[in-house]
Amino acid sequence: MSRVVVTPPPAQDSGDLLDDLDSDVAISPSDVLERLWRFFIAMRTGLFLILALGLLSLAGTVLVQAPSGLRGDPQAYASWLDAQRQRYGGWTTVLDKLGLFSVFSSLWFKAIVVLLATSILACSVNRAPRLWHRAVHPRRRMSESFFKHAPLRAGMAAPTDPVATLENVRKVLRGKHFRTIPEPSGEVLNLYADRCRWAPFGTILTHVGFVVILIGAFLSATTGFKDTQVAVPVGSKVAIGHGTALSVEAKSFSDSYYPDGSPKDYASELVIFRNGVAVRTQTVRVNHPLRWDGVSFFQSFFGVAAAMRVSDAAGRTVFDAGVPLMWRSDDGKHSIGQFAMTGRGLTVYVVSAASGEVDPNIKAGQVQLEVYGSSADSPIATQVVSQGKPATIAGLSFTFERTRQFTGLIVSRDPGAVFVWVGSTLLALGIVLVLLFPHRRVWVRVRRTPSGSEILCATTRRASARRDTATESCFQQLVNDIQLAVTRSSTQRR
């Protein structure tokens, strides 16, 4: 008869690894490197960095984040900050100084990502040799006390001689896909067996995958961008910026609808220019973006633009483009667009009645122009102009030529996307290996007795085994199968 004994794992001492360092001795470069190494492989370091990264990510989710590229325009960013004071009050300046309005591109976020990636890689490098040695050069023979005090152990008797008994045990283990390595020691026969010996490397895969994801996030935050409000009037060209040397022109825009009025299709014919030279033409639809040189153009929205032409006193054209009326007034009754003439220090807002709304002061075929100076809080001039009729404002001639459509695009460059996909694949593969293919090890000892042989089986309960809740039941089943095999073999021999 077999008897399985389960022993709780002994409590482990969690002493500080740095306690034995002598602080009275002069610190050499090797000591510094050693302390840095111990710092990065310490579990508390990783937990602290993960917590810090989580708190920053939470702040980036809860707090309003400044639009991409806005910090490049100090005046626009200052206006944006002023708008946030209504929400955050006196904390606005503090949050801005801490970089919490652009968390994912802040120095704090980048530094923590680098430190966390370093810590994870250090832990992986520190653990990999032990995993390799355990898989390739396992400990094949255990002491006698191990079989007496192992967390999971069993003893049974067999009526056959030790050699035949060990062979029967090997057949059972091989039938359960265990690798078996015999280790004889005099009159005692030892056997080591394990299954899924490479599965513990799944932890390395998860660590590497997480680091690759962090690298992708870092690349996206430092070298990528995403503009969600790029409006391109039909017939106009708009620069993308962000150091891409790209501009986009909308040749046409079309929209179609189902009989019930729901949208059926939006399509924009776009031309991409690089340094003024056309490099790509494509019709863009929702879920069918245009991609060029790592930059993606997604169809997002559309609307009406006002074609404006501005001339100086000598008749020279100083502005000639469509102005997208892409904003709504607070009451929702007006559509608003804006363009700037930086050379003259003027900003002009173009206002028209919103679709379906009526404004007695702005009739059909008219727009209202509000002209602001560089430092004026109120307009220096406000005038309603009719289509095709020039109006002189602030010494310039403004002509509202006609309305035209504009296409709204999301323009983004995400160099880290490939890294995120690769890292996610490694992460998933590592989790599957660790959770679905646990590494199980069994040590067997067979020795002669007056009535045949004695079989001792034992296994350990490591951290991986504690996650594997089926360890105990699997060990019990293995012991039962071994008992059955040796009994059947004895019966057949008779």
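The following paragraphs examine the structure supplied in this document. (Residues numbered from 1 in each chain as written. Predicted model: local features only at pLDDT ≥ 70, side-chain atom pairs only at ≥ 80, totals over all residues. Heavy atoms only, no water.)

### Brief notes about the overall build of the protein chain
Rules: Helix and strand definitions here come from DSSP, where helices need a minimum of 4 consecutive H or I residues and strands a minimum of 2 consecutive E residues; each element is numbered from the N-terminal end. The cut-offs for exposure are 20% and 50% of the maximum accessible area for each residue type, with area from a 1.4 Å probe on protein chains only; residues under the lower value are buried, those over the upper are exposed, and the others partly exposed. Note on contacts: a residue pair qualifies if any of its non-hydrogen atoms lie within 4.5 Å across the two residues. Per-residue and other accessible areas were derived by the Shrake-Rupley procedure at a 1.4 Å probe size, with only the shown protein chains allowed to occlude residues.
Along the protein chain, the regular secondary structure elements total eleven helices and 21 strands. Looking at the protein chain residue by residue over its 494 residues, the buried ones come to 40%. The long-range share in the protein chain, meaning contacts at least 24 apart out of those at least 6 apart in sequence, stands at 59%. A total of about 27,600 Å² of accessible surface is found on the protein chain, and carbon and sulfur atoms cover 57% of it.

### A closer look at the packing of aromatic side chains
What counts here: Geometry of aromatic contacts follows a simple scheme: Phe, Tyr and Trp rings, the Trp one being its six-membered ring, pair when their centres are within 6.5 Å, and the pair is stacked under 30 degrees between planes, edge-to-face over 60, tilted otherwise. The rule is short: NZ of Lys or CZ of Arg within 6 Å of the ring centre and within 35 degrees of the ring normal puts a charge over the ring.
Overall, the coordinates contain 15 aromatic pairs when judged by the stated rule. Their ring planes at 20° and their centres at 5.9 Å tell us that tyrosine 77 and tryptophan 80 sit as a pair that is stacked. Taken together, the positions of tyrosine 77 and tryptophan 80, both in helix H3 (residues 74-88) and three residues apart, correspond to about one turn of that helix. Residues tryptophan 198 and phenylalanine 201 carry aromatic rings whose centres are separated by 5.8 Å and whose planes lie at 45° to one another, so their mutual orientation is tilted. On the basis of relative accessible area, tryptophan 198 is assigned to the partly exposed category, the value being 38%. Through successive ring pairs, a cluster of aromatic residues spans Tyr77, Trp80, Tyr88 and Phe101. The aromatic ring of phenylalanine 273 is capped on one face by lysine 237, whose charged end is 3.9 Å from the ring centroid.

### Overview of the sheet that holds strand E6 (residues 237-239)
The line we're drawing: A pair of strands is considered paired only if DSSP assigns at least 2 bridges between the two. Axes here refer to lines fitted to C-alpha atoms; in helices the fit is confined to the stretch in contact. Angles between the N-to-C directions go from 0 to 180 degrees.
With antiparallel pairing, four strands are arranged side by side in an open sheet as E6-E7-E8-E9. The open sheet has two free edges, formed respectively by E6 and strand E9 (277-285), since each of these has just one partner strand. Direction aside, neighbouring strands of the sheet carry axes that sit 25° apart on average. As judged from the eight bridges shared by strand E8 (residues 263-274) and E9, these two strands associate in the antiparallel manner.

### Remarks on the packing of helix H2 (residues 43-62) against helix H5 (residues 107-136)
We apply this condition: Note that the term roughly parallel is reserved for angles under 35 degrees, roughly antiparallel for angles over 145, roughly perpendicular for angles of 65 to 115, and oblique for everything else. Crossing handedness follows the turn of the near helix against the far one: under a right angle anticlockwise gives a left-handed crossing, and clockwise gives a right-handed one. The nonpolar class holds Ala, Val, Leu, Ile, Met, Phe, Trp, Tyr, Cys and Pro. Asp, Glu, Lys and Arg form the charged class, and all remaining residues, Gly among them, are polar.
Relative orientation of the contacting elements H2 and H5 amounts to 150°, with a least axis distance of 10 Å. As far as their axial angle goes, H5 and H2 are roughly antiparallel. Classified by chirality, the crossing of H5 by H2 is left-handed. Contacts between H2 and H5 involve Thr45, Gly46, Leu49, Ile50, Ala52, Leu53, Leu56 and Ser57 from the former and Trp108, Phe109, Ile112, Val113, Leu115, Leu116 and Ser119 from the latter. Split into classes, the residues belonging to the contact of H2 with H5 amount to eleven nonpolar, four polar and no charged.

### Some details on the packing of H5 against helix H8 (residues 201-223)
Put simply, H5 and H8 touch, their axes get as near as 9 Å, and they point 160° apart. It follows that H5 is roughly antiparallel to H8 by the angle criterion. The chirality of how H5 crosses H8 is left-handed. Looking at the contact of H5 with H8, its residues break down into 16 nonpolar, four polar and two charged.

### Remarks on unusual backbone geometry
With glycine set apart, most residues show a phi of negative sign, and most peptide bonds adopt trans. Within the chain, aspartate 293 stands out as a residue other than glycine whose phi angle is a positive 50°. Its relative accessible area of 48% is what places aspartate 293 among the partly exposed residues. Although it is not a glycine, alanine 394 adopts a positive phi angle of roughly 55°. Tracing the backbone through its elements, the reader meets alanine 394 in the loop between strand E18 (391-393) and strand E19 (396-413). A relative accessible area of 49% means that alanine 394 is categorised as partly exposed.

### Some details on the sheet that holds strand E13 (residues 327-328)
Across the sheet, which stays open at both edges, the five strands sit in the order E13-E14-E15-E16-E17 with antiparallel pairing between neighbours. Of all strands in the sheet, those bounded by a partner on one side alone are E13 and strand E17 (381-386). Across two bridges, E13 lies against strand E14 (residues 334-341) in antiparallel orientation. Note that in E14 the partner of tryptophan 327 across the bridge is isoleucine 336.

### Looking at H8
Owing to its 3.6 residues per turn, the α-helix aligns residues three or four sequence positions apart on the same side. To keep things clear, this is the line we draw: Here the expected span of a helix is defined as 1.5 Å times the quantity of residues minus one.
Between the first and last C-alpha of H8 there are 32 Å, a value that for 23 residues agrees with the 33 Å anticipated at 1.5 Å per step. Turning to H8, its buried residues are Gly202, Thr203, Ile204, Thr206, Gly209, Val211, Val212, Leu214 and Gly216. On its buried side, H8 packs onto H2, H5 and helix H9 (417-436).

### Quick notes on the environment of phenylalanine 437
Inspection of the secondary structure puts phenylalanine 437 in the loop between H9 and strand E20 (440-449). Since its relative accessible area comes to 41%, phenylalanine 437 is described here as partly exposed. In the structure, phenylalanine 437 is positioned 242 residues away from arginine 195 in sequence and 8.6 Å away in space, judged by C-alpha atoms. Among residues more than four places away in sequence, those in contact with phenylalanine 437 are Cys196, Ala199 and Val432.

### Notes on the pairing of strand E15 (residues 346-353)
Bridging between E14 and E15 involves eight bridges; their strand directions are antiparallel. When the bridges of E15 are listed, phenylalanine 339 appears paired with valine 348. Where E14 hands over to E15, the hairpin turn is made up of four residues, of which glycine 345 adopts a positive phi near 65°. Pairing geometry for E15 and strand E16 (residues 366-373), over six bridges, is antiparallel. When the bridges of E16 are listed, valine 350 appears paired with leucine 369.

### Remarks on the pattern of salt bridges
Going by this rule: Salt-bridge detection follows one rule: a side-chain nitrogen of Lys or Arg within 4 Å of a carboxyl oxygen of Asp or Glu.
Under the counting rule described, the total for this entry stands at 14 salt bridges. Two residues, lysine 251 and glutamate 249, come together in a salt bridge whose shortest N-O distance is 3.6 Å. In this structure, aspartate 265 engages arginine 285 in a salt bridge whose closest nitrogen and oxygen atoms are separated by 2.9 Å. Remark: arginine 285 occurs in strand E9 and aspartate 265 occurs in strand E8; sequence separation between them is 20 residues. On the accessibility criterion, aspartate 265 (26% relative accessible area) is partly exposed. Residues joined by salt bridges that share partners form a network here, namely Glu144, Arg445, Arg447 and Glu454.

### Thoughts on the environment of threonine 399
The topology assignment puts threonine 399 in strand E19. Considered as a pair, threonine 399 and valine 310 are 89 residues apart in the sequence and their alpha carbons are 6.3 Å apart. For threonine 399, the contacting residues outside a window of four places in its chain are Ala307, Met308, Arg309, Gly388 and Pro390.

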